[in-house]
Amino acid sequence: MAGRTASVLARRAVFLTIALILIMILTAAIIGASGYDEKVIRAIIGTELQAYRQSLQRQNIPATEIQKLVEQRKQELIEIYGLNKPWTARVLPMAFRALKLDLGYVKSRAVADVVGKQLPLSVKDAILTVLPRTIVMLTVAELICAAIALRLAPLIAYKRGSLLDKSVIAYAAFTNALPIWWLGLIAIFLFGYELRIAPTDYRIVIKYINEFTSNPGDAMIGLLKVSWLPVTVVVIGLLGGWLYGIRAIAIRVVNEDYVYVAKAKGLPEEIVVKRYILRVILGPVLTIVILALAGSIGGFIITESVFDWPGMGSLYYAAITSGDAPTLIGLIYITTLVYILARFTLEVLYILVDPRVRY
């Protein structure tokens, strides 16, 4: 049995690896074949050339000489951005190099601004720099939601039809209809500008994270001061979905015979919920928790932009709007890799936590 299980897990690992390779090739094809990166880069080159021409004109250089210098600079930029090559030679090799964790270098100043460093900057360093910022905001918020939902949702399902159950359903519907970024706007206005108990500049999170290894005490206090509002907003926005989702899973088992038998034996409510409901639904609950944590690594583009939080979502936004193909491919590779590792971890955990799962 153990050999068969290992064989199945090995096959799953191969399939997930193939999926990762196909996603990277497809991403490179979308970026390159669609002409997306070329259009954005040509617009950036046009802006840079206009600024360069204006700087030459201020130096009273003759018009013919200006035209010659601008054309020379244009050819340099075309070569720097790789527009002198077809997309198959410009973008596709990036995808294959990314599979070997050779993510290349950031091309856009907008991306470097989000990271808080100067060019030249490797994509790997850029992602490793901003990833802790997203973990501080989004992964922590997801963990808080998971902890609350795992404690309350099975109990809510156990008391189906109660006032608490109805309140959670209404709360989930309400928060599901409200975008988190909109809650963020309201929270910044109320707690940042009106009550002045929360910061309005969240870029300072860079300073606290950079100081964490040299001065962990002060850095932790600073992180708590700067992150409490965005974390609270994300928790409020996501908690309804967490509670409703786990409640829906738990409802399937609250009417099982063994739950009624446990009640008839007079077992305390907490033991019935933990031992006869939560333990049975642990498999699907683990799926939700692990995939949510893996998904949080990718960041929330709009929510991070509202808080001006320099995390993975802001990095995605800067890479997309500046046509920075190496950064975009690197981000997609890392987030896909994390998802695939999470999927494989789930395959192993299913076997460990649920004795009914055997291959």
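For the structure itself, look to the data block above.
Basis of the calculations
Residues numbered from 1 in each chain as written. Predicted model: local features only at pLDDT ≥ 70, side-chain atom pairs only at ≥ 80, totals over all residues. Heavy atoms only, no water. Core = buried A, V, L, I, M, F, W, Y, C linked by side-chain atoms within 4.5 Å. Buried < 20%, exposed > 50% of the residue type's maximum accessible area, 1.4 Å probe, protein only. Helix = DSSP H or I, 4+ residues; strand = E, 2+ residues; numbered from the N terminus. Contact = heavy atoms within 4.5 Å. Salt bridge = Lys/Arg side-chain N within 4 Å of Asp/Glu carboxyl O. Phe/Tyr/Trp six-rings, centres within 6.5 Å; stacked < 30°, edge-to-face > 60°. Expected span 1.5 Å × (residues − 1).

> Please explain the nonpolar core as it appears in this structure.
Generally speaking, nonpolar side chains in soluble globular proteins are found buried as a group. Formed by 52 residues in total, the largest nonpolar core has its most connected members in W242, I277, I281, F307 and W309. Listed by contribution, the elements that provide at least two residues to this core are α7 (123-158), α9 (180-194), α10 (205-210), α11 (216-254), α12 (257-264), α13 (269-278) and α14 (282-296). The contacts of I281, once residues within four sequence positions are left out, are I246, I249, A250 and V253. Ranked by size, the runner-up nonpolar core spans 36 residues in total, among them L16, L103, L331 and Y333.

> Is there a simple way to explain the pattern of salt bridges in this structure?
Pairing is possible between side chains that carry opposite charge, provided their charged atoms lie close to one another. Tallying each qualifying case throughout the model produces 10 salt bridges. One salt bridge in this structure joins E347 and R12, with 2.7 Å as the shortest N-O distance. A residue pair is termed long-range when its members are at least 10 positions apart, and E347 in helix α17 (residues 325-353) and R12 in helix α1 (residues 2-33) qualify at 335 residues. As a salt-bridge pair, R203 and D308 come within 3.2 Å of each other at their nearest N and O atoms. Taken together, the residues R203 in the loop between α9 and α10 and D308 in the loop between α15 (301-307) and α16 (312-322) connect sequence positions 105 residues apart. Under the relative-accessibility criterion, D308 is labelled partly exposed at 33%. One salt-bridge network, in which partners are shared between bridges, spans R12, R343 and E347.

> Looking at this model, I keep getting lost on the environment of A141. Mind explaining?
Within the secondary structure, A141 sits in helix α7. Looking at A141, the relative accessible area reads 0%, which means it is buried. Sequence separation between A141 and V306 is 165 residues; the distance between their C-alpha atoms is 17 Å. Other than its neighbours up to four places away in sequence, A141 contacts V231, V234 and V235.

> Can you walk me through the packing of aromatic side chains in this structure?
Any aromatic ring pair is given by two values, namely how distant the centres are and how the planes are angled relative to each other. Inspection of every chain in the model, using the stated rule, returns 3 aromatic pairs. Taken together, Y202, F307 and W309 form an aromatic cluster joined through their ring pairs.

> So what exactly am I meant to see when it comes to α9 here?
Taking 1.5 Å of rise per residue, the 15 residues of α9 would be expected to cover 21 Å, and the 20 Å separating its terminal C-alpha atoms lies within 8% of that figure. Within the sequence span of α9, burial applies to I180, L183, G184, A187, I188 and G192. Elements in contact with the buried residues of α9: α11 and α15. At the exit of α9 stands R196, carrying a positive phi of roughly 55°.

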